[in-house]
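Notes for the structure review
Below, each chain spelled out in residue letters.
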Amino acid sequence: MIAHRLWPAMLGLLLPGPALAGACASLRPGWSAGTQATGWSEMLHYFSSVPALVLILATALVIRFRSQWGGLIVTVLWSLLVFLVVRDRFGDDPTGLRQSAFAEGCLGSPTLFIAAVTAICVATILYTAPSGRQTSR
């Protein structure tokens, strides 16, 4: 008889809820409970980080001066940032903190960020590539 009364309470402990908010508080301190992280919010989160802002500025300068070597450097740096994002999101998680945060809803998929960075890198390489009008003397 008592087991029937405890069953809903035990089931409630297994479901994601406010008990897991500690994971979100440590991974995303500014996250407000009850809101679901989407691909757009993840993209905004990653693009508003300091390394991404520096790379956006560097990419703008590379495109402004049409520097081939600069284009290569910022593309490699963007690739490094994507690697770090993917490793952070999908790498080893021995504590289960990221999985808890994903279940709680404060972490979303970084797919849109990766796609946007890919488009930036492709555009940078294509824009800074040689024009093909080389003259030989």
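Look a little higher up for the structure.
Residues numbered from 1 in each chain as written. Predicted model: local features only at pLDDT ≥ 70, side-chain atom pairs only at ≥ 80, totals over all residues. Heavy atoms only, no water.

What follows deals with the overall build of the chain. Regarding its fold elements, the chain presents seven helices and zero strands. For the chain, the N- to C-terminal ordering of α and β elements is α-α-α-α-α-α-α. Looking at the 137 residues of the chain, the share that counts as buried comes to 26%. Put simply, the chain shows about 9,600 Å² of open surface, and 70% of that area lies on carbon and sulfur atoms. (Helix = DSSP H or I, 4+ residues; strand = E, 2+ residues; numbered from the N terminus. Buried < 20%, exposed > 50% of the residue type's maximum accessible area, 1.4 Å probe, protein only. Areas by Shrake-Rupley, 256 points an atom, 1.4 Å probe, with all protein chains shown as cover.)

Attention shifts here to the packing of helix 5 (residues 68-90) against helix 7 (residues 111-128). Viewed as axis vectors pointing N to C, helix 5 and helix 7 meet at an angle of 170°, and their least axial separation amounts to 9 Å. In terms of orientation, helix 5 and helix 7 fall into the roughly antiparallel class. Facing helix 5, whose interface residues are Gln 68, Gly 71, Leu 72, Val 74, Thr 75, Trp 78, Leu 81, Val 82, Val 85 and Val 86, helix 7 presents Phe 113, Ile 114, Val 117, Ile 120, Cys 121, Thr 124, Ile 125 and Thr 128. Across the contact of helix 5 with helix 7, the residue classes break down as 13 nonpolar, five polar and no charged. (Axes fitted to C-alpha atoms, helices over the stretch in contact; angles between N-to-C directions. Parallel < 35°, antiparallel > 145°, perpendicular 65-115°, else oblique. Contact = heavy atoms within 4.5 Å. Nonpolar A, V, L, I, M, F, W, Y, C, P; charged D, E, K, R; others polar.)

Attention now goes to the packing of aromatic side chains. One pair of aromatic rings is described through two measures. These are the centre distance and the angle between the planes. Taken as a whole and judged by the stated rule, the model has three aromatic pairs. Here Phe 47 and Phe 113 contribute two aromatic rings whose centre-to-centre distance is 4.9 Å and whose plane-to-plane angle is 65°, an arrangement assigned as edge-to-face. Of this pair, Phe 47 sits in helix 3 (residues 39-47) while Phe 113 is found in helix 7, placing the two residues 66 residues apart along the sequence. A residue is classified by how much of its surface remains accessible, and Phe 113, at 1% relative accessible area, is buried. Of the aromatic side chains, those joined through ring pairs into one cluster are Tyr 46, Phe 47, Trp 78 and Phe 113. Here Arg 66 stacks its cationic end above the ring of Tyr 127, 4.2 Å away from the centre of that ring. We note Arg 89 situated over the ring of Phe 90; from NZ or CZ to the ring centre the distance is 5.2 Å. (Phe/Tyr/Trp six-rings, centres within 6.5 Å; stacked < 30°, edge-to-face > 60°. Lys NZ or Arg CZ within 6 Å of the ring centre and 35° of its normal.)

Interpretation in functional terms is not warranted from these geometric data alone.
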